[in-house]
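Architecture at a glance
What follows is the residue order along each chain.
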Amino acid sequence: SLETFWTTTGMFPQEFIIGFPKCVKISKVAIQCYLVRTLKIERSVSKDPVGFEQCIEKDLQHTEGQLQMEEFPLPDFQATYLRFIIKSAFDHFVSVHRVMAEGT
């Protein structure tokens, strides 16, 4: 829903995990967030959300008063779970408004 979002509780790191019904091929991940400074994305191909490996770590640009929109191309990438770790922020609280994964 475009009216809902996930927010942190004020200390870092913070994380959330998105699971797929089975292992999928992902070509791109995009995220819309607010006040995130450093974001790390990890993946797991296990049946359970364990054994994560780092895929991306990036410092995002500060965009005062508007959402940050970042896209991460992931060629030949498979995952059952994606873990998003917000390592640091530009403020005490941040929000994630949308996560999109493209692929098959």
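In this text the structure is predicted, and so the values were computed from the model without any measurement.

**Side note on unusual backbone geometry**
The amide bond that connects Phe12 to the next residue, Pro13, takes the cis arrangement and shows omega of 10°. Along the chain, Pro13 falls in the loop between β1 (6–7) and β2 (14–34). Even without glycine at this site, Asp76 takes up a positive phi of about 50°. Structurally, Asp76 is set in strand β5 (residues 68–89).

**Examining the confidence of the model for the protein**
Residue-level pLDDT values for the protein average 94, and 100% of them are 70 or greater. Mean pLDDT across the elements of the protein ranges from a minimum in β1, with 90, to a maximum in strand β3 (residues 36–44), with 97.

Calculation rules
- Within each chain, residue numbers correspond to sequence positions counted from 1 in written order.
- Only residues with pLDDT of 70 or above have their local features reported here, since the model is predicted, and side-chain atom pairs are shown and tallied only from 80 upward, although totals for entire chains, interfaces and linings are computed over all residues.
- Only hydrogens and water are set aside when side-chain values are computed; all heavy atoms of the structure are taken into account.
- Segments assigned H or I by DSSP are reported as helices when at least four residues long, segments assigned E as strands when at least two residues long, and all are numbered from the N terminus.
- What pLDDT conveys is the predictor's confidence in a given residue, as a value from 0 to 100.

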